[in-house]
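Topology and contacts: notes
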Amino acid sequence: MSILVKIIIAIITFIMTKRLYNYYKKTDSYVERTIIIVTILIIFTPITVYYIDRYNLFSALHWCSNKEECDRWFNYFSSYTPSIFAAIISGSILIVMTRIQIEDQIKNNNDDKRIQNAPIFKYIITNQKNGSESTPIIFYGDGNLYNLYINIDNIGLNHARHISIKIIEENSKYPITHEIDKCQSILKKDENIWLNIVLNYKINKNYKNIEKELAIIVYYEDLLNNKYMQQINMSVTPIDKFNHKCNGYELIINNIEIDNEKVI
């Protein structure tokens with residue numbers, strides 16, 4: 001029975017050690033590696049002391065000349081070793097906690113700086129041309145032409161740059177990506193820009209007034225190189241009727257949902 005217990009303990013110890021080692025190799029976190037080392041010390045220190053006492057290793061290795069000397073050295077070892085490891089463990093915990101606090105402080109400072117420089121976009125989406133100059137973004141295909149006008153107004157605390165939009169239209173196999181101004185594409189604080197998305201819809205005479213889904217994803221950066229994205233989901237209905245106010249065929253906007261901006 002004792003042999004079976006030893007085998008089971010040896011197997012469990014090997015599996016646990018193997019997993020801790022594998023996790024140590026995988027992680028790059030200073031905190032997690034320190035915790036693994038401390039865990040190993042906590043587990044194996046009492047086991048080491050136990051087996052030294054059980055098999056009288058000091059005598060077996062001839063490190064002492066008689067039983068009294070061996071007992072004296074073992075008592076010293078059994079009291080000194082846990083004290084040393086306890087100091088190492090408490091010091092490691094202190095270092096880890098200090099490191100966590102420093103990292104949290106750095107993260108909070110970075111978040112504060114990001115918030116102080118974050119652009120915030122306000123959108124106006126309409127199917128009618130208002131006379132403002134707009135940049136056309138054209139979906140090529142068959143069917144009637146429908147215009148969707150989008151105003152992006154930067155009401156945030158600082159400028160936005162590297163602005164681009166991706167348009168996902170259900171009838172198109174591939175989304176269209178458009179970079180504003182093709183270069184830095186800076187939208188300064190309190191400035192705005194108009195975009196004109198030109199859509200193609202072929203109207204089936206037997207199935208009129210069918211809703212179409214459209215998604216517009218806006219990508220941009222702040223001056224600290226933080227990257228953002230914001231998605232606009234829309235439902236529109238193309239009408240087989242020309243309307244000069246729409247500068248093309250009439251497009252009814254049924255629903256607009258604008259997600260909060262996300263840091264990417």
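Residues numbered from 1 in each chain as written. Predicted model: local features only at pLDDT ≥ 70, side-chain atom pairs only at ≥ 80, totals over all residues. Heavy atoms only, no water.

Its place among the elements puts Ile89 in helix H4 (residues 67-117). Given a relative accessible area of 16%, Ile89 falls into the buried group. Each C-alpha atom of the pair Ile89 and Thr39 lies 8.9 Å from the other, and the pair is 50 residues apart in sequence. Residues within four places of Ile89 in sequence aside, it is in contact with Val38 and Ile42. (Helix = DSSP H or I, 4+ residues; strand = E, 2+ residues; numbered from the N terminus. Buried < 20%, exposed > 50% of the residue type's maximum accessible area, 1.4 Å probe, protein only. Contact = heavy atoms within 4.5 Å.)

If you walk through the whole model with that rule in mind, you get six aromatic pairs. Ring plane angle 35 degrees and centroid distance 4.2 Å describe the contact between Phe121 and Tyr220, whose orientation is recorded as tilted. Within this pair, whereas Phe121 is found in strand E1 (residues 121-126), its partner Tyr220 is found in strand E7 (residues 212-221), the two being separated by 99 residues in sequence. Comparing Phe121 with Tyr220 shows no difference in burial state: the two are buried. An aromatic cluster of three or more residues is present, and its members are Phe121, Tyr123, Tyr220 and Tyr228. (Phe/Tyr/Trp six-rings, centres within 6.5 Å; stacked < 30°, edge-to-face > 60°.)

Turning to the confidence of the model for the protein, a few remarks are in order. This prediction gives the protein a mean pLDDT of 81; 88% of its residues lie at or above 70. Helix H3 (residues 57-60) is the least confidently modelled element of the protein, averaging 68 in pLDDT, while E1 averages 93, the highest of any element. (pLDDT = per-residue confidence, 0-100.)

Quick look at the nonpolar core now. Buried together is how nonpolar side chains tend to be arranged in soluble globular proteins. Within the largest apolar cluster, 31 residues are counted, with the highest numbers of intra-cluster contacts made by Phe121 and Ile197. Among the secondary structure elements, those contributing two or more residues to this core are E1, strand E3 (144-154), strand E4 (161-169), strand E6 (192-201), E7 and strand E8 (227-243). The leading source of residues in this core is E6, at five residues. Not counting the four nearest positions on each side in its chain, Ile197 is found in contact with Ile137, Phe139, Tyr146, Asn147, Leu148, Ile150, Ile167 and Ile216. (Core = buried A, V, L, I, M, F, W, Y, C linked by side-chain atoms within 4.5 Å.)

Moving on: the pairing of E7. Burial runs high along E7: eight of the 10 residues are buried. The sheet contact formed by E7 and E8 spans 10 bridges and is antiparallel. From the neighbouring strand, Ala215 faces E8, where its bridge partner is Asn233. A loop of five residues connects E7 with E8, the two strands running antiparallel in sequence, and Asn225 in this loop sits at a positive phi of about 70 degrees. (Pairing = 2+ DSSP bridges.)

It is worth spelling out the environment of Ile155 at this point. Within the secondary structure layout, Ile155 lies in the loop between E3 and E4. Since its relative accessible area comes to 46%, Ile155 is described here as partly exposed. When the C-alpha positions of Ile155 and Ile120 are compared, they lie 5.4 Å apart, and in sequence the two are 35 residues distant. Look past the residues within four positions of Ile155 in its chain and what remains in contact with it is Ile120 and Lys122.

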